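Reading the structure
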Amino acid sequence: MPTADGRVDTRLQNYNAFFDEKSTADAKKLETARQENYLEVVNGYYDGVTELFEYGWAQSFHFSRFYKGEGFLQSLARHEHYLAAHMKLRPGMKVLDVGCGVGGPAREIGRFSDAHITGVNNNDFQIGRARKYTAQAGLSDTVKFVKGDFTKLKEQFGENAFDAVYVIEATVHAPTFESAYSEIFAVLKPGGVLGIYEWAMTDIYDPSNPEHRRIAHNIEIGDGIPQMRTRSDSRRALISVGFSIEHEEDLADRPDPIPWYYPLEGDMRKAQTLADYTTCFRTSTFGMWLASIFVWVMECIGIVPKGTWAVSETLKQAAAALVEGGQKKVKLLRFCGITVFHARRVADRDLFPT
């Protein structure tokens, strides 16, 4: 049964059943089950980790590039501004945020562009928090949130409903890229722009390579992802549903002195500002141990739903795998965390023939 805040304890308790701890034993049957039951997988995951994300990261659940001396929160905001500027978002435009989380990017992009933002998300717990934070920020007139499935956007919003759509590290949770991108194409007006920060493996990823698969598997189990796919998979899916790609770049290829994954390393010596020592501490071994004990106690006394601790523990696997994947990139085993696509709907297509 759902709790008062929208979380469902059975989803939390069932989450780990969709994965095998060992990548070599995570059979195609489990992968197919995750794709077919992606709503249960994703909701079970975010019911368990949302508050930890807010505590250990921010209200914007994504990675970003860093300049030397740039603060963590400043980097997150700049990453969002970069996408909005690339898309040429303007005051009064109707913009859809697909997979909006608790609304951090929507609020930031709304302030930056003065566009009217609608965030869509299928997790009741996150939607409630997004609305609360947006009201506190005084942005409820221009930034709104609705519950919905990003593989059924046309059904919810109708065709040609938005001037622009953006996605920040969200459609990786879809059963396939095409299932989400085709729906985005449908709700976007002809000539409208789509901006995506996509989570994908680089094209050197080989699922038959045990080391590659181990890293990808730990990212999947620790981030609620049915299946990690490649940058080429994303590119092909965008084109196949009708988009014309105007810009594509792996931002992790930029020669930045500070790697995108540094906040996950938990190395306080790498903190860029005084405030960032807190972020680095929270992702340190000791900081994660303290958080683990705290969540376990909260679950034992009934403050958080049963299953929260087990789901939250998978974050450790994800953090280690993401850092390793990022570091392997330097060694030519290239894993990509933040590919940006700028695409446009250039023509009408009958994606849903009768």
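A brief look at the structure comes next. (Residues numbered from 1 in each chain as written. Predicted model: local features only at pLDDT ≥ 70, side-chain atom pairs only at ≥ 80, totals over all residues. Heavy atoms only, no water.)

1. Some thoughts on the packing of aromatic side chains
The cut-off we apply is this: Put simply, two rings from Phe, Tyr or Trp (the six-membered ring, in Trp's case) pair if the centres are within 6.5 Å, and we call them stacked under 30 degrees between planes, edge-to-face over 60, tilted for the rest. Burial classes follow relative accessibility: with a 1.4 Å probe on protein chains only, a residue under 20% of its type's maximum area counts as buried, one over 50% as exposed, and anything between as partly exposed. Definition used: whenever NZ (Lys) or CZ (Arg) falls within 6 Å of the ring centre and also within 35 degrees of the ring normal, the charge is taken to sit over that ring.
Tallying each qualifying case throughout the model produces 18 aromatic pairs. A centroid spacing of 6.2 Å and a plane angle of 85° characterise the contact between tyrosine 46 and phenylalanine 53, whose relative ring orientation is edge-to-face. No difference in accessibility class separates tyrosine 46 from phenylalanine 53, as the two residues are buried. Look at phenylalanine 53 and phenylalanine 61: their rings are 5.0 Å apart centre to centre, the planes differ by 85°, and that puts the pair in the edge-to-face class. Just as phenylalanine 53 is buried, phenylalanine 61 falls in that class too. Here the aromatic cluster, defined as three or more aromatic residues joined through ring pairs, consists of Trp57, Phe63, Phe66, Phe72, Trp199, Trp260, Tyr261 and Tyr262. Here the basic side chain of lysine 94 rests over the ring of phenylalanine 162, its NZ or CZ set 5.7 Å away from the ring centre. Lying over the aromatic face of tyrosine 55, arginine 282 brings its terminal NZ or CZ to 4.5 Å of the ring centre.

2. Quick word on helix H3 (residues 38–56)
Filter applied, for reference: The way it works is that DSSP assigns letters per residue, a run of H or I at least four long becomes a helix, a run of E at least two long becomes a strand, and they are numbered from the N terminus. Each residue after the first adds 1.5 Å to the expected span of a helix.
Counted at 1.5 Å a residue, the expected span for H3 with its 19 residues is 27 Å, and the 25 Å between its end C-alpha atoms agrees. With 15 of 19 residues buried, H3 is to be regarded as a mostly interior element.

3. Side note on the nonpolar core
Formally: Only buried residues count toward a nonpolar core, which is a set of Ala, Val, Leu, Ile, Met, Phe, Trp, Tyr and Cys residues joined through side-chain atoms within 4.5 Å.
In terms of nonpolar packing, the biggest core is built from 27 residues, with Trp57, Phe63, Trp199, Ile219, Met228, Leu264 and Leu322 touching the most fellow members. For this core, the secondary-structure elements that each account for two or more residues are helix H4 (72–87), helix H9 (210–223), helix H11 (262–265) and helix H14 (308–330). With four residues, the single largest contributor to this core is H14. Ala174, Tyr181, Leu188 and Ile196 belong to the second-largest nonpolar core, a separate cluster that totals 25 residues.

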